[in-house]
Amino acid sequence: LLVAVRRVAPRFSIPPSNHEVMPGGSVNLTCVAVGAPMPYVKWMAGVEELTKEDEMPVGRNVLELNNIVQSANYTCVAISSLGMIEATAQITVKALPKPPTEPLVTETTATSVTLTWDSGNSDPISYYVIQYKPKSLEGQFQEVDGVATTRYSIGGLSPFSEYEFRVIAVNNIGRGPPSELVEARTGEQAPSSPPLKVQARMLSASTMLVQWEQPEEPNGQIRGYRVYYTTDSHLPLSMWQKHNTDDSHLTTVGSLITGTTYSIRVLAFTSVGDGPPSDIIQVKTQQGVPAQPADFQAEAESDTRILLTWLPASQERITKYELLYWEGEDGTQQKVEFDPTSSYAVEGLKPDTLYKFRLGAHSELGVGVYTPTIEARTAQSSKFLTLCTTE
């Protein structure tokens, strides 16, 4: 009796498949081969035998991989008397992205900076995060999240200010390390606030000294100041006389008409343009008469007391101050005189009542220009508040 035996070379019915795993993850690689005779199946990593020769199973072999920390290739080998075949599985360990290349500043305006960068990664990136902060400030970065491109303009910045920027790549694992820092300075704008603490005093009967401090928001390099002055403050500013000066904080203006009250405003300018003018101050062209008190302010301290403060005039021989105040629009005007100081509390006032104030300084040669009228309202009566609370 003759029996015909069919002989078939080995082939893979279930070849090993590629996998992506998280760092420290695990995976089982399954490899199934068939043939006649049935082949033995083993696993290899490069030239390393992972299955002992005397433990090779027939037809199916499962490789268990645990705590995977780096990517590698694993080869399944099927062997029979009719031949040997191989199939390789690639195990890729997912990793946080590498930092992008150092950003380049490609454009700046007064309030924005445009950055470009290269991904620095061969694998796909989900999006980017841009971090930035003023260079002069310590602390946390502000963030722009979800940036899908490698070019982005960050707005809302302060003019003529230095900032630090860096970029972070994000993939489906998380955020990678940040790129190198890049610095950029925003462009200039015209000042957005006027010069501070503007004061004026007479050096002679026809020459005045005007001084001030830099604006709070210069928005650039102050190139100079313009001092406007007039005897008629109702005229538009363009019709006032103008005196230009450099970036110093004081100047003299001469050829004034004696015995006259002048109104004065000062503005700063950058290479981009003029900022807003300061509030009007006034000075009387009479030598020896004090300047107008500066920065005159009023604040209610209680239901019967309002505190007045001002900047004392420098280099002035003030003998006393004269305060005028009244209730509401047309109340009876009260006058108080007191020794030189920089604050005064008006007491004995009515609760929840509006009061108005003007202040002038005296010297032995006369009284200077009074301040513009300011106002403040006393607090509500404590008895009234107690009654409301009780009810």
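Please read all numbers here as calculations on a predicted model, not as lab measurements. (Residues numbered from 1 in each chain as written. Predicted model: local features only at pLDDT ≥ 70, side-chain atom pairs only at ≥ 80, totals over all residues. Heavy atoms only, no water.)

## Regarding the overall build of the protein
Broken down by element type, the protein carries one helix and 31 strands. At 42 Å, the protein has a C-alpha radius of gyration far larger than the 21 Å of a compact globule built from 391 residues. Projected onto its principal axes, the C-alpha coordinates of the protein cover approximately 145 × 65 × 30 Å. Looking at the protein as a whole, 41% of its 391 residues qualify as buried. (Helix = DSSP H or I, 4+ residues; strand = E, 2+ residues; numbered from the N terminus. Rg over C-alpha atoms; globule rule 2.2 N^0.38 Å. Buried < 20%, exposed > 50% of the residue type's maximum accessible area, 1.4 Å probe, protein only.)

## Quick notes on the sheet that holds strand S3 (residues 25-36)
Across the sheet, three strands lie side by side as S1-S3-S6; this open sheet has antiparallel pairing. The open sheet has two free edges, formed respectively by strand S1 (8-14) and strand S6 (60-68), since each of these has just one partner strand. Ignoring strand direction, the axes of neighbouring strands in this sheet form an average angle of 25 degrees. Judged from the four bridges that link them, S1 and S3 form a sheet pairing that is antiparallel. Within the sheet, the bridge partner assigned to isoleucine 14 lies in S3 and is valine 32. (Pairing = 2+ DSSP bridges. Axes fitted to C-alpha atoms, helices over the stretch in contact; angles between N-to-C directions.)

## Focus: a nonpolar patch on the surface
On the surface, Met38, Tyr40 and Val58 cluster together into a nonpolar patch covering about 280 Å² of accessible area. By relative accessible area, which is 43% here, tyrosine 40 ends up partly exposed. (Patch = residues over 30% accessible without salt bridge, like charges linked within 9 Å, V, L, I, M, F, W, Y side chains within 5 Å. Areas by Shrake-Rupley, 256 points an atom, 1.4 Å probe, with all protein chains shown as cover. Salt bridge = Lys/Arg side-chain N within 4 Å of Asp/Glu carboxyl O.)

## Here's the deal with the state of the cysteines
This model, assessed by the stated rule, comprises one disulfide. The disulfide partner of cysteine 31 is cysteine 76, and the S-S distance across this bridge is 1.9 Å. Disulfide cysteine 31-cysteine 76: torsion about the S-S bond near -85 degrees, hence left-handed. Taken together, the residues cysteine 31 in strand S3 and cysteine 76 in strand S7 (residues 72-80) connect sequence positions 45 residues apart. For cysteine 76, a relative accessible area of 0% translates into the label buried. (Disulfide = S-S within 2.5 Å.)

## Digging into the domain arrangement of the protein
Looking at the assigned domains, one finds that the protein contains domain 1 (8-93), domain 2 (101-185), domain 3 (199-284) and domain 4 (294-377). Each of domain 2 and domain 4 has a C-alpha centre, and these two points are 53 Å apart. (Domains from an automatic or database assignment.)

## Some thoughts on the pattern of salt bridges
Tallied over the full model, the rule gives 15 salt bridges. A salt bridge links glutamate 329 to lysine 356; the nearest nitrogen and oxygen atoms lie 3.0 Å apart. Separated by 27 residues along the polypeptide, glutamate 329 in the loop between strand S26 (320-327) and strand S27 (334-338) and lysine 356 in strand S29 (residues 354-363) bring together distant segments of the chain. Owing to a relative accessible area of 11%, lysine 356 belongs among the buried residues under this scheme. Overlapping salt bridges bring together Glu301, Arg305 and Glu347 as one network.

## Quick look at the UniProt feature "domain: Fibronectin type-III" (unreviewed entry) in the protein
The UniProt record marks residues 99-189, 194-288 and 292-381 with the feature "domain: Fibronectin type-III" (unreviewed entry), using the residue numbering of this structure. Taken end to end, residues 99-189 has its terminal C-alpha atoms 34 Å apart, with 0% of it in helix and 48% in strand. The distance from the first to the last C-alpha atom of residues 194-288 is 28 Å, and the span holds 0% helix and 44% strand. (UniProt positions renumbered as here; feature names shortened; annotations may be inferred.)

## Notes on unusual backbone geometry
Backbone torsion omega between alanine 36 and proline 37 reads 5 degrees, so that peptide bond is classified as cis. Among the structural elements, proline 37 can be located in the loop between S3 and strand S4 (40-45). In this structure, lysine 197 is a non-glycine residue whose phi angle is positive, near 50 degrees. Residue placement: lysine 197 occurs in strand S17 (residues 196-202). Residue lysine 197 is classed as partly exposed on the basis of its relative accessible area, which comes to 43%. In this structure, serine 255 is a non-glycine residue whose phi angle is positive, near 60 degrees. Here serine 255 falls in the exposed class, since its relative accessible area comes to 74%.

## Side note on the packing of aromatic side chains
Here the structure, examined in full by the defined rule, presents eleven aromatic pairs. Measuring from centroid to centroid gives 5.5 Å for tryptophan 117 and tyrosine 128, while their planes differ by 75 degrees, and the two rings are edge-to-face. Highlighted residues: tryptophan 117 in the loop between strand S10 (113-116) and strand S11 (127-134) and tyrosine 128 in strand S11, separated in sequence by eleven residues. Each ring, one from phenylalanine 296 and one from tryptophan 310, has its centre 6.2 Å from the other, and the planes form 65 degrees; the classification is edge-to-face. Separated by 14 residues along the polypeptide, phenylalanine 296 in strand S24 (residues 294-300) and tryptophan 310 in strand S25 (residues 306-311) bring together distant segments of the chain. You'll find phenylalanine 296 and tryptophan 310 in the same group, each marked buried. A network of ring pairs unites the aromatic residues Phe296, Trp310, Tyr321, Phe338 and Tyr344 as a single cluster. (Phe/Tyr/Trp six-rings, centres within 6.5 Å; stacked < 30°, edge-to-face > 60°.)

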